[in-house]
Amino acid sequence: MTSKPVSFNGFRIAWRITKLNFRAQLEYRSEFLMNIAIGAIWQVSVIVFATVLLTRFTGMGGWDSSEVLLIPATRMLAHGIFVLFLGRLHGIGRIIQEGMIDTYLVRPMPVYRQVQLSVFPTNAIGDLTVAVGLMVGALSRSNLDWTAGRISYLVACVLGGMLLEAALFTVVACASLRFPAADYWGRWLEELLGTFGSYPLNVLPRTVSGFLTFGLPLAFVAYFPAAVLTGHANDTGVPYWLAASSPLLGLVAFLGARWLWRWSLGHYTGVNG
């Protein structure tokens, strides 16, 4: 009988902390605006890619340029939402190395939530601004009939991509609880997502595309969803049902990563072992 009030109180406390963090960021207006600009500038490579694609090429890997544009738009929007809600996982290595995680362990709020509430991600505003602009551009140039079903699937894919990215970084965070230097894996992972997440993977060698599908499931973030939406799912090298289930895979991966996080936290012995 008390689970609902407790859950509501947890949400209310999280909302209050978020508002306080946001107000704290606004105390330094110049830095606030600079962080937003940094978030937008960080995505400049994707903007350049989209510009070159639309002005110099008619397509890529059998995809029309307007279809290819849907891939980086989906990935960037999923990434922007991830940075806004769950992106503090990027700093988990510093939190562990500085011993702050030990403080979080003695507080009544779940550690995972405390990590997310540690600071307001101002740069996410810049990320999302660029991502929304790119998505609007991709949809406006698309020749697809955007029915309610197709729009619903796109929304599900964006949320699934966000959860899948969160799952990958949660796994890195779990490794960091045992090996703090594993935080560098997060930077490597972010580089891979930014490098290979903006175009059809069928243009890559099979070994590479296979690794980005079954080893590091980057393909499920945006490539497979865009392939299903544009009718290229049968050319991805995986069964149609697998490509179409990308949103569900993101949810399952995140739930699995959260279980791994709780298990890893239960076996955490401190930064010095």
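Our structure is the block above this text.
Residues numbered from 1 in each chain as written. Predicted model: local features only at pLDDT ≥ 70, side-chain atom pairs only at ≥ 80, totals over all residues. Heavy atoms only, no water.

Draft legend 1. Inspection of the overall build of the protein chain at higher detail. From N to C terminus, the protein chain includes 14 helices and 2 strands. Computed over the C-alpha atoms, the radius of gyration of the protein chain is 20 Å, within 12% of the 19 Å expected from 2.2 N^0.38 for a compact globule of 273 residues. Overall size of the protein chain, expressed as C-alpha extent along the three principal axes, is 55 × 40 × 40 Å. Split by element, the accessible area of the protein chain, about 14,300 Å² in all, is 65% carbon and sulfur. Placing the 19 positive and 13 negative side-chain charges of the protein chain at their respective mean positions leaves the two points 10 Å apart. (Helix = DSSP H or I, 4+ residues; strand = E, 2+ residues; numbered from the N terminus. Rg over C-alpha atoms; globule rule 2.2 N^0.38 Å. Areas by Shrake-Rupley, 256 points an atom, 1.4 Å probe, with all protein chains shown as cover. Lys, Arg positive; Asp, Glu negative; His and termini not counted. Charge placed at Lys NZ, Arg CZ, Asp CG, Glu CD.)

Draft legend 2. Highlighting the environment of W185. Tracing the sequence through the fold places W185 in helix 10 (residues 183-196). As for W185 and A175, which are separated by 10 residues in sequence, their C-alpha atoms are 9.3 Å apart. In this structure W185 touches V172 and A175, once residues within four positions along its chain are discounted. (Contact = heavy atoms within 4.5 Å.)

Draft legend 3. Structural context of the side chain of S176. Checked against the element boundaries, S176 lands in helix 9 (residues 148-178). The exposure class of S176 is buried, given its relative accessible area of 0%. The residues touching S176, leaving out its near neighbours within four places in the chain, are I92, I96, A182 and D183. (Buried < 20%, exposed > 50% of the residue type's maximum accessible area, 1.4 Å probe, protein only.)

Draft legend 4. Expanded view of the layout of surface pockets. In this structure, the largest pocket spans a volume of roughly 710 Å³. Around the largest pocket sit 30 residues that line it, and V83, G87, H90, G91 and N123 are the ones nearest its centre. Only helix 2 (29-41), helix 4 (65-86), helix 5 (92-97), helix 6 (100-105), helix 8 (123-141), helix 9 and helix 10 provide two or more residues apiece to the lining of the largest pocket. Per-class residue counts for the lining of the largest pocket are 12 nonpolar, 11 polar and 7 charged. Within this model, the second largest pocket holds a volume of roughly 540 Å³. Along its surface, the second largest pocket is lined by 19 residues, and A14, T18, L84, F85 and L117 are the ones closest to its centre. Mapped by element, the contributors of at least two residues to the lining of the second largest pocket are helix 1 (3-26), helix 4, helix 7 (111-116) and helix 14 (246-266). (1 Å grid on protein atoms, 1.4 Å probe; cavity = no way out; pocket = protein on both sides within 12 Å on 5 of 7 lines; lining within 4 Å. Points joined across faces, edges and corners; volume = space filled by probe spheres on them. Nonpolar A, V, L, I, M, F, W, Y, C, P; charged D, E, K, R; others polar.)

Draft legend 5. The packing of helix 9 against helix 10, seen in detail. It is the contact of helix 9 with helix 10, at a shortest axis distance of 8 Å, that shows an interaxial angle of 160°. By the angle class used here, helix 9 and helix 10 are roughly antiparallel. Of the two possible hands of crossing, helix 9 and helix 10 adopt the one that is right-handed. In this structure, helix 9 uses E165, L168, F169, V172, A175 and S176 to contact helix 10, whose residues at the interface are D183, W185, G186, L189, E190 and L193. Counted by class, the contact of helix 9 with helix 10 contains 7 nonpolar, 2 polar and 3 charged residues. (Axes fitted to C-alpha atoms, helices over the stretch in contact; angles between N-to-C directions. Parallel < 35°, antiparallel > 145°, perpendicular 65-115°, else oblique. Left-handed = near helix turned anticlockwise from the far one by under 90°.)

Draft legend 6. Fine view of the packing of aromatic side chains. Evaluation of the coordinates by the stated rule reveals 7 aromatic pairs. Aromatic side chains F22 and F32 sit 5.7 Å apart centroid to centroid with 85° between the ring planes, which places their arrangement in the edge-to-face category. One end of the pair, F22, is in helix 1; the other, F32, is in helix 2, and 10 residues separate them in sequence. Take F22: its relative accessible area is 30%, and that puts it in the partly exposed class. (Phe/Tyr/Trp six-rings, centres within 6.5 Å; stacked < 30°, edge-to-face > 60°.)

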